[in-house]
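For reference, the chains in residue letters:
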Amino acid sequence: MTKRKRDNHLNPKVSMVLEYGQILLGSAIVAIAFNLFLLPNRIASGGVSGISTIVYDVFGIEPAFTQWAFNIPLFILGVLLLGGMKYGVKTLIGTLFLPYVVFLTRHLEPATTDPLLAALFGGIGVGLGLGIVFRAAASTGGTDLAAQIINKYTGLSLGACVFILDGLIVMTSAIVFNIELALYALIALFVTGKTIDLVQMGVGYAKVALIISNKQEEVRQSILRDVDRGVTKLSGYGGYTNEKRPVLMCVVHQTEVTKLKQIVKSADPSAFVVVTNATEVLGEGFKKQ
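For the protein, the name recorded in an unreviewed UniProt entry is YitT family protein, with Alkalihalobacterium chitinilyticum as its organism.

Laid out in structure tokens, this is it:
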């Protein structure tokens, strides 16, 4: 195993403060992205924010009021129907704080009047904010809770429930606004989902190397000594010869890939090496759990 030191665990109180800070920061980013990009360009990209965009255009009601009007009853239903422990203080904070920031920043000037740019950067902003909130094991409520309620009582998959709700909102925007704006809303939804994944899982900063070598002991010793990374020996068999061929697995940072390949080549020039992305790595020498 690597000799790198483990990170110390944060004090529980500090950890809790950081989590609540993440919820507030993430909610604020979502709200500002909504006011800068999505609302002024009438892009209703699903969720309660999408509903509030449509309501604002048709009735002139402030989006923050619409969001509170939907979020608070949905939160109460979530507590009653899905369990109070699951939807506690952190989700309540996200549910209330996001519309509050939407209200505070309602006078911000639009960052762009180009709907494509608004869909792209609005989607990135919303995805970034939601990803930060999700990393704190919280939620901003809204149609996510509605989807989970439908999932519990209909048997439909959660993904299908979210798709149906967001689809209905986008279809409504196509009727109220036009088809083109609905298509931009779909772009924003897609970008939001990808950005959430990026924030949640990371940017693939680590690599996994799988090494098959006739000199596997020399290769293993070289990696342990010169790269200072752990090596795991996996059991493998040649598909053609059916002979036992151990596979060495090593996870390294992106900056260590070239060094690893050079060391393997030096130990065994005929080694077979496969290097692939590791989206997220938790444990010693990487990110703590």
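A.B. asks: Help me get a handle on the nonpolar core, residues and values and all.
C.D. replies: In a soluble, globular protein the nonpolar side chains are often hidden away together inside. Formed by 32 residues in total, the largest nonpolar core has its most connected members in Leu 38, Ile 43, Val 102 and Val 126. Of all elements in the fold, only α1 (12-38), α2 (47-59), α4 (89-104), α5 (115-135), α7 (158-176) and α8 (179-201) reach the threshold of two or more residues within this core. Per-element accounting of this core gives the leading share, 8 residues, to α1. In this structure Ile 43 touches Leu 38, Thr 53, Pro 115, Ala 118, Ala 119, Tyr 184, Ala 185 and Ala 188, once residues within four positions along its chain are discounted.

A.B. asks: Account for the sheet that holds strand β2 (residues 232-234), with residues named and values stated.
C.D. replies: An order of β2-β3-β1-β4 is seen for the 4 strands of this open sheet, with the pairing classed as antiparallel. Since the sheet does not close on itself, it has two edges, and those belong to β2 and β4 (272-278), each with one partner. The mean inter-strand angle of the sheet, taken between neighbouring strand axes irrespective of direction, is 25°. Helix-sheet contacts for helix α9 (residues 216-227) involve β1 (206-212), β2 and β3 (247-253), and the interaxial angle to β3 is about 20°. Across the sheet, helix α10 (residues 257-267) touches β1, β3 and β4, and the angle it forms with β3 is around 150°.

A.B. asks: Hey, could you go over the pairing of β1 for me, with residue numbers and the actual values?
C.D. replies: Summarising burial for β1: 5 of the 7 residues are buried, a large majority. Looking at chain direction, β1 and β3 are connected through 7 bridges and run antiparallel. The residue bridging Ile 211 from the neighbouring strand is Leu 248, located in β3. As judged from the 7 bridges shared by β1 and β4, these two strands associate in the antiparallel manner. For Ala 209, the partnering residue across the bridge sits in β4 and is Val 275.

A.B. asks: Account for the packing of aromatic side chains, with residues named and values stated.
C.D. replies: Under the definition given, this model contains 4 aromatic pairs. When the ring of Phe 65 is compared with that of Trp 68, the centres are 6.3 Å apart and the planes differ by 25°; the resulting orientation is stacked. Taken as a pair, Phe 65 and Trp 68 lie in helix α3 (residues 63-82) at a separation of 3 residues, close to a single helical turn. Relative to Tyr 100, the ring of Phe 97 has its centre 6.3 Å away and its plane inclined at 45°; by these criteria the two rings are tilted. Of this pair, Phe 97 and Tyr 100 both sit in helix α4, 3 residues apart, which is roughly one turn of that helix.

A.B. asks: Tell me about the UniProt feature "transmembrane region" (unreviewed entry) in the protein, and name the residues and values.
C.D. replies: Per the UniProt annotation, the sites labelled "transmembrane region" (unreviewed entry) are residues 20-39, 65-82, 87-104, 116-134 and 155-177. This span, residues 20-39, is 95% helix and 0% strand, and a straight line between its end C-alpha atoms measures 27 Å. From the first C-alpha to the last, residues 65-82 spans 25 Å; its make-up is 100% helix and 0% strand.

A.B. asks: Go over the pairing of β3 with me, naming the residues and quoting the values.
C.D. replies: Most of β3 is tucked away, with 5 of its 7 residues classed as buried. Summarising the sheet, β2 and β3 pair through 3 bridges and their orientation is antiparallel. Bridged to Lys 233 within β3 is Leu 248.

A.B. asks: Run through α9, naming residues and quoting values.
C.D. replies: Taking 1.5 Å per residue as the helical rise, α9 with its 12 residues ought to reach 16 Å, and the 16 Å between its terminal C-alpha atoms agrees with that figure. Residues of α9 that are buried include every one of Gln 216, Val 219, Ser 222, Ile 223 and Val 227, and no others. Mapping the buried residues of α9 onto a view down its axis gives an arc of 125°, with all of them on the same face. Each element contacted by the buried residues of α9 is listed here: β1, β2, β3 and α10.

A.B. asks: Break down the pattern of salt bridges for me, with residues and values.
C.D. replies: Per the stated rule, a full pass over the model turns up 5 salt bridges. Here Asp 57 ties to Arg 42 by a salt bridge, and the two come within 3.8 Å at their closest N and O atoms. Within this pair, whereas Asp 57 is found in helix α2, its partner Arg 42 is found in the loop between α1 and α2, the two being separated by 15 residues in sequence. A salt bridge links Arg 220 to Glu 217; the nearest nitrogen and oxygen atoms lie 2.5 Å apart.

A.B. asks: Give a description of the environment of Pro 99 that names residues and reports values.
C.D. replies: Its place among the elements puts Pro 99 in helix α4. For the pair Pro 99 and Val 30, spaced 69 residues apart in sequence, the C-alpha separation works out to 9.6 Å. Leaving out residues up to four positions away in the same chain, Pro 99 has contacts with Ala 64, Gln 67, Trp 68, Asn 71 and Gly 94.

About the cut-offs
- Residues numbered from 1 in each chain as written.
- Predicted model: local features only at pLDDT ≥ 70, side-chain atom pairs only at ≥ 80, totals over all residues.
- Heavy atoms only, no water.
- Core = buried A, V, L, I, M, F, W, Y, C linked by side-chain atoms within 4.5 Å.
- Buried < 20%, exposed > 50% of the residue type's maximum accessible area, 1.4 Å probe, protein only.
- Helix = DSSP H or I, 4+ residues; strand = E, 2+ residues; numbered from the N terminus.
- Contact = heavy atoms within 4.5 Å.
- Pairing = 2+ DSSP bridges.
- Axes fitted to C-alpha atoms, helices over the stretch in contact; angles between N-to-C directions.
- Phe/Tyr/Trp six-rings, centres within 6.5 Å; stacked < 30°, edge-to-face > 60°.
- UniProt positions renumbered as here; feature names shortened; annotations may be inferred.
- Expected span 1.5 Å × (residues − 1).
- Arc of directions from axis to C-beta.
- Salt bridge = Lys/Arg side-chain N within 4 Å of Asp/Glu carboxyl O.

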